[in-house]
Amino acid sequence: MKTSIAITMIIVGAILIFGPAAADHMARAQVVTVMTEKNTTSVKLDPPPMSDLYRFGCWIAGISMMGAAVHMSRSRVRSSKDE
């Protein structure tokens, strides 16, 4: 696998892993901003936060992409040493 493709897969995998956490952080920041500006004690989130299944799917997809990039890059290095 070309180095540029492996690096891209690792970066996209990291984005998939950290994406749900970043989205949660931004959503909580917005809730806090709305609650402090309007002096409310409750907020109805529409749409609701990400489901656990979606988070798990992002995490697995990210880990898989990173693992595939590392595996394919290592196998390329081994095959070039054999030649």
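Look up: the structure comes first, before these words.
Residues numbered from 1 in each chain as written. Predicted model: local features only at pLDDT ≥ 70, side-chain atom pairs only at ≥ 80, totals over all residues. Heavy atoms only, no water.

Caption draft 1: Seen up close, the pattern of salt bridges. One pass over the structure, following the stated rule, counts two salt bridges. Taking the shortest distance from any N to any O, the salt bridge between Arg55 and Asp24 comes out at 2.4 Å. Of the two residues, Arg55 sits in helix 2 (residues 52-82) while Asp24 sits in helix 1 (residues 3-38), which places them 31 residues apart along the sequence. According to the relative accessible area criterion, Asp24 is buried, its value standing at 18%. Of the charged contacts, one joins Asp52 and Arg55 as a salt bridge, the two residues approaching to 3.8 Å between their closest N and O atoms. Of the two residues, Asp52 and Arg55 both sit in helix 2, three residues apart, roughly one turn of that helix. For Asp52, a relative accessible area of 62% translates into the label exposed. The exposure class assigned to Arg55 is partly exposed, which follows from its relative accessible area of 22%. What you see here is one network of salt bridges that share partners, running through Asp24, Asp52 and Arg55. (Salt bridge = Lys/Arg side-chain N within 4 Å of Asp/Glu carboxyl O. Helix = DSSP H or I, 4+ residues; strand = E, 2+ residues; numbered from the N terminus. Buried < 20%, exposed > 50% of the residue type's maximum accessible area, 1.4 Å probe, protein only.)

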